[in-house]
Amino acid sequence: MRYDVIVVGAGHAGIEASLAAARMGAQTLMLTLNLDHIGQMSCNPAIGGIGKSHLVREIDALGGEMGVAIDETGIQFRFLNTRKGPAVRARRAQADKAAYRARMKRVLENAPNLTLRQASIERVVVENRAVRAVESQIGEMFEAPCVILTTGTFLKGLVHIGLRNYNAGRAGDFAAMGLSESLAQLGFRIGRLKTGTCPRLDGRTIDYSELEQQPGDEPPPPFSFRTGRIVQAQLPCYLSYTNALTHEIIRNAIDRSPMYSGVIQSQGPRYCPSVEDKVMRFRDKQRHQIFLEPEGRDTVEVYPNGLSTSLPLDVQVAMVRSVNGLQQAEIMRPGYAIEYDFSDPTQLFPSLETKLVRGLYFAGQLNGTTGYEEAGAQGLLAGINAALNVRGESPVILRRDEAYIGVMIDDLVTRGIGGEPYRMFTSRAEYRLLLREDNADRRLSALGERLGLLGVEASAKVRAKTAAVEAELERLNTHRVQPSLAVNEFLDQLGSGPIRTAVRVIDLLRRPEVPYRELLRVAGLPAVLDLDQAAELETEVKYEGYVRRQTDAVERSKRLEDTAIPAWLDFHSVTGLSTEVRERLARVRPNTLGQAARTPGITPAAVALLAVQIRSKRNTKNLPLSDTD
């Protein structure tokens, strides 16, 4: 059984990796523990959110599947952070979990060059520091020169509910017990992380009349640039809160919590704490939000977002029923915490190929990340680079100024995860005004087209968008607004100063308080741009100076990013570096001076010494800049 690329795992990373490799022409095999659980949303039934939606839009611009899938199967779509700047605005969509899973399986089953098999992989077979095959629990051997591991929470997964625990990759699925030991024997540094999920409630036992309804946006904003509009009806979510009784129940049972009793030793995501963590750490808060999110159109299960817990089931029941609207609620599935193995991501190249084994790639929670979107983005890049590896071509490396995907991967391979699961935030990107949601297609679609992942029609749509924005800029630049009572009343209502003479529309739009759509109406101009086109135009006009400054900063940083650290450079031989700096550099083995500068503990002085050493050795020994020159 020989293939070009083998993908182990069928979660969000495995899906994107498999489709990317297969669509690029590689004969690809996807191996998973359970073919019925492809694309399973183990935790919240949603895609997107702050920072995460940027990743989904970039996946889509490169030709990935996640954005199209949520647009077809979503049940509620909303914009977040609408009152904040354009760099941090985000989309979020509730998914019909069953429909999302079924759609992903259908797409995979019908993809050319892709084979699906059910198997539990327990060993990676390596010869001469290159991957040769993977071996299943029952001794099946699957051979390929490139293997991508996307194992999620399944490596020695251990589920905790109260002080009881059992091995599982997630509730209802077996764990993979041998694979992490195989990786450790190959020299990978294996650690332990923890995450958790909420109980699922029976929606028929919820009193919605007591709750605040949260409708979706109209019109619903799609994720994919390839989606014309969302046609399916939206479902509402509902809002409730914990209260003093809820907090008392939790505090009285905290000794039965596996986290607070010492049963769980590993670190969980600090930015997504369990409800017991919120109650114990933020004692001054009187209540915490709970969003009641339907898990689909054809199920009664409801996800109480904000009630992630690993307390015993009897405590979960009392806690849930203390909440307004949930007094009679029945738990259909208990919440739980899960511990699992991960591998130190600083042992990866920016291509996501491992430094220890050629042809072996890691993506998703195996690299210490959390979240569907982070996993999907890594899977896509790993699949692309595995396919390119098979062809003998250079990998795709996205820089920090090109994509949030580039920020995330650079963070992982340069800095590691810092002891807790890694999640994408807009604050992690130093050039976030350049890396907005609305321009992801313009930033990355040309690359997606070149790789063969984005079709001609989608690429033409991006070019049409660019032309539309440029034409609208020209229209706003030439059309003038005459001073009138109506115009100045409009400006006054916005807290903006009046105009005394005719003013170009584009000059009024430059005022931070003046919105584009309303300005068109007052100026007597018809609206010609869609949601994304308008967002891109408005940002370019209002933030022109900031965008220019960030662009200049990118150009300055490129000098460091473009200076490769050759493979022949021995960090221990660089005069002037401290022992600690040498050890850090040898451990991470940065590819460029820019990556070295971002490595924790590496000073600007150390980077300068590296630059001098590279130049001097290259000049005196006539050595190449890198071992590939």
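Thresholds applied
Residues numbered from 1 in each chain as written. Predicted model: local features only at pLDDT ≥ 70, side-chain atom pairs only at ≥ 80, totals over all residues. Heavy atoms only, no water. Pairing = 2+ DSSP bridges. Helix = DSSP H or I, 4+ residues; strand = E, 2+ residues; numbered from the N terminus. Axes fitted to C-alpha atoms, helices over the stretch in contact; angles between N-to-C directions. Polar contact = N/O pair within 3.5 Å; in protein donor to acceptor, adjacent residues only side chain to side chain. Contact = heavy atoms within 4.5 Å. Phe/Tyr/Trp six-rings, centres within 6.5 Å; stacked < 30°, edge-to-face > 60°. Buried < 20%, exposed > 50% of the residue type's maximum accessible area, 1.4 Å probe, protein only. Lys NZ or Arg CZ within 6 Å of the ring centre and 35° of its normal. pLDDT = per-residue confidence, 0-100. Core = buried A, V, L, I, M, F, W, Y, C linked by side-chain atoms within 4.5 Å. Left-handed = near helix turned anticlockwise from the far one by under 90°. Nonpolar A, V, L, I, M, F, W, Y, C, P; charged D, E, K, R; others polar.

A.B. asks: Kindly report on the sheet that holds strand β15 (residues 212–214), identifying the contributing residues and their values.
C.D. replies: Within the open sheet, the six strands sit side by side as β15-β16-β17-β18-β14-β19. Their pairing is antiparallel. Every other strand in the sheet has two partners, leaving β15 and β19 (331–333) as the edge strands with one partner each. Strand-to-strand, the axes of this sheet are offset by a mean angle of 40°, without reference to chain direction. Where strand β16 (residues 237–241) lies against strand β17 (residues 289–294), four bridges are found, and the strand directions are antiparallel. When the sheet's bridge partners are listed, Y238 is paired in β17 with L292.

A.B. asks: For the sheet that holds strand β20 (residues 336–343), give the residues involved together with the corresponding values.
C.D. replies: With antiparallel pairing, four strands are arranged side by side in an open sheet as β12-β11-β20-β13. Edge positions in the open sheet fall to β12 (164–167) and β13 (190–197), since each of these has one partner strand only. The mean angle between the axes of side-by-side strands here comes to 25°, regardless of whether they run parallel or antiparallel. Of the pairings in the sheet, the one linking strand β11 (residues 158–161) to β12 comprises four bridges and is antiparallel in character. The partner of V159 across the bridge, within β12, is Y166.

A.B. asks: Can you lay out the side chain of E374 for me, pointing to particular residues and giving the numbers?
C.D. replies: Positionally, E374 belongs in helix α9 (residues 372–391). Here the side chain of E374 touches K52 through a polar contact of 2.8 Å, side chain to side chain. Within the structure, E374 has its side chain in polar contact with the backbone nitrogen of M424 (distance 2.9 Å). Those residues in contact with E374 that lie beyond four places of it in its chain are K52, L55, T369, M408, R423 and M424.

A.B. asks: How would you sum up the packing of aromatic side chains? Please name residues and give values.
C.D. replies: On inspection of all chains with the given rule, the structure shows three aromatic pairs. Between F188 and F362 the ring centres are 5.0 Å apart and the planes differ by 50°, which places this aromatic pair in the tilted class. Remark: F362 occurs in strand β21 (residues 360–362) and F188 occurs in the loop between α5 (179–185) and β13; sequence separation between them is 174 residues. In this structure, F188 and F362 share a single accessibility class: buried. Consider the rings of Y208 and Y238, whose centres lie 4.5 Å apart with planes at 45°: the pair is tilted. With Y208 in the loop between β14 (200–202) and β15 and Y238 in strand β16, this residue pair connects regions lying 30 residues apart in the sequence. The exposure class of Y238 is buried, given its relative accessible area of 15%. The ring of Y241 has R287 lying over it, and the distance from NZ or CZ to the ring centre is 3.5 Å.

A.B. asks: Can you lay out the confidence of the model for the chain for me, pointing to particular residues and giving the numbers?
C.D. replies: With 98% of its residues at a pLDDT of 70 or more, the chain shows a mean pLDDT of 93. Confidence over residues 625–629 falls short of pLDDT 50; this stretch has eight contacts with residues more than four positions distant or in other chains.

A.B. asks: Tell me about the nonpolar core, and name the residues and values.
C.D. replies: Soluble, globular proteins show a tendency: their nonpolar side chains are buried together. Among the nonpolar cores identified, the biggest contains 99 residues, and I6, I47, L149, L360, I384, L398 and I405 are the most heavily contacted of them. The biggest single contributor to this core is α9, with ten residues. L149 has contacts with V8, V124, L179, L183, L360, Y361, F362, A363 and L366, leaving out every residue within four places of it along the chain.

A.B. asks: For the packing of helix α2 (residues 52–61) against helix α11 (residues 440–451), give the residues involved together with the corresponding values.
C.D. replies: Following both chains from N to C, one finds α2 and α11 inclined at 35°, their axes separated by 7 Å at the closest point. Considering the relative orientation of α2 and α11, their crossing is right-handed. Side by side, α2 and α11 meet where R57, E58 and A61 of the first sit next to A440, D441, R443, L444, S445 and G448 of the second. In terms of residue class, the contact of α2 with α11 is made up of three nonpolar, two polar and four charged.

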